[in-house]
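Remarks on the overall topology
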Amino acid sequence: MIASEIMLPPHAPEIYLDRATLWNAVENCEKHPKAQLAYSFDIAMQNELTLEENMELARKFVQEQFVTKGMIADLAFHSPEKEDGGIPNPHFHVMTTMRPLNPDGTWGQKQRREYLLDEDGNRIRDKNGDYMFNAVHTTDWHEPETLEHWREQWAAAVNTKFEEKGLDVRIDHRSYVRQGLDLIPTVHEGANVRQMEAKGIRIDKGGKGFQALITNRKYGHGEIVDRQREGKDKATDHTRTDFREDHLPQGLKRSRPQIQRRLVDILVHLFQAGHDA
């Protein structure tokens, strides 16, 4: 853990700068035990940029795309130690609130009811006598088009920074298929998978990632594969995929037990960082 912070929109109460207060308040305003509490993002930082540049870029992106829309954002910056022969993996985690904030700082509704009306403008009842309605989201934060916009804006922000520094690398938010590249996407393995495979414990996820690299090399993409494996630079070619399409739908919405585990992880990192200091 390098640093963590909470970013608030102007009308949010300052008490939410305290992590425990914020997420307890988020949970307390939900009635259903399986209610979704937060959106979650894991986003790679760039090895071509300094730590300060990466953090500045991340904060600006989160401010412009989330906080200005009314979300409260909880950020954590990580830079795990590089494995022998591995590629550095600096990244940041973001959890944002799902409920919009009202102008007075109270929590708003995720959805509102839009009642079905007959031709005379009267509400229609179902067979049980209850009024029929559609649940309409009060924001567009859940929409696929919004997710696509966020991915596109992150790629644009990173590429602008690359251009400012005169770096001949680019990232692309689109999948290989959409880019027209005949490549098999690799599978994110993570440190635990790498450590287990180093001990001779075969993991299916690691095998799939390695097989994708071998297949890409077989069909004429050896230069890209070599640069990925050797870690010469993280932006391995002009169209490196980052903040991928498959990241968001899987990790975006978390149930209550999941977000509690995520918060425990953050608190453990914070405790360890303070203890080490």
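Here goes a summary of the coordinates provided. (Residues numbered from 1 in each chain as written. Predicted model: local features only at pLDDT ≥ 70, side-chain atom pairs only at ≥ 80, totals over all residues. Heavy atoms only, no water.)

This structure, assessed with the given rule, holds two cavities of 30 Å³ or more. In this structure, the second largest cavity is lined by V26, C29, E30, Q36, L37, T97, M98, R99, W107 and K110. Split by residue class, the lining of the second largest cavity holds five nonpolar, two polar and three charged. (1 Å grid on protein atoms, 1.4 Å probe; cavity = no way out; pocket = protein on both sides within 12 Å on 5 of 7 lines; lining within 4 Å. Points joined across faces, edges and corners; volume = space filled by probe spheres on them. Nonpolar A, V, L, I, M, F, W, Y, C, P; charged D, E, K, R; others polar.)

V62, F66, F92, V94 and W154 are the most contacted members of the largest nonpolar core, which has 29 residues in total. It is helix α3 (residues 144-164) that contributes the most residues to this core, six residues altogether. When neighbours within four sequence positions are excluded, F66 is seen to be in contact with F41, F61, M71, V94, T96 and W150. With 14 residues, the next largest nonpolar core counts L22, W23, A25 and V26 among its residues. (Core = buried A, V, L, I, M, F, W, Y, C linked by side-chain atoms within 4.5 Å. Buried < 20%, exposed > 50% of the residue type's maximum accessible area, 1.4 Å probe, protein only. Helix = DSSP H or I, 4+ residues; strand = E, 2+ residues; numbered from the N terminus. Contact = heavy atoms within 4.5 Å.)

Buried residues of helix α1 (residues 19-28): R19, L22, W23, A25 and V26, and no others. Taken end-on, α1 shows its buried residues confined to a sector of 155°, consistent with a single buried face. (Arc of directions from axis to C-beta.)

When you tally the buried positions in strand β3 (residues 73-78), you get six out of six residues, the bulk of the element. The two faces of β3 match: A73, L75 and F77 on one face and D74, A76 and H78 on the other face are all buried. Taken together, the five bridges between strand β1 (residues 3-7) and β3 define a ladder with antiparallel strand orientation. Within the sheet, the bridge partner assigned to I6 lies in β3 and is D74. Bridge count for β3 against strand β4 (residues 91-97) is six bridges, and the pairing is antiparallel. Following the sheet pairing, L75 is matched in β4 by V94. (Pairing = 2+ DSSP bridges.)

The subject of this paragraph is the side chain of R99. Along the polypeptide, R99 turns up in the loop between β4 and β5 (111-115). Of the polar contacts made by the side chain of R99, one reaches the side chain of E30; its length is 2.8 Å. Within polar-contact distance, the side chain of R99 engages the backbone oxygen of G108 at 2.8 Å. The contact partners of R99, leaving out residues within four places of it in the chain, are C29, E30, W107, G108, Q109, K110 and W141. (Polar contact = N/O pair within 3.5 Å; in protein donor to acceptor, adjacent residues only side chain to side chain.)

What follows deals with the layout of surface pockets. One number sums up the size of the second largest pocket: a volume of about 350 Å³. When the residues that make up the lining of the second largest pocket are grouped by side-chain class, the tally is four nonpolar, eight polar and five charged.

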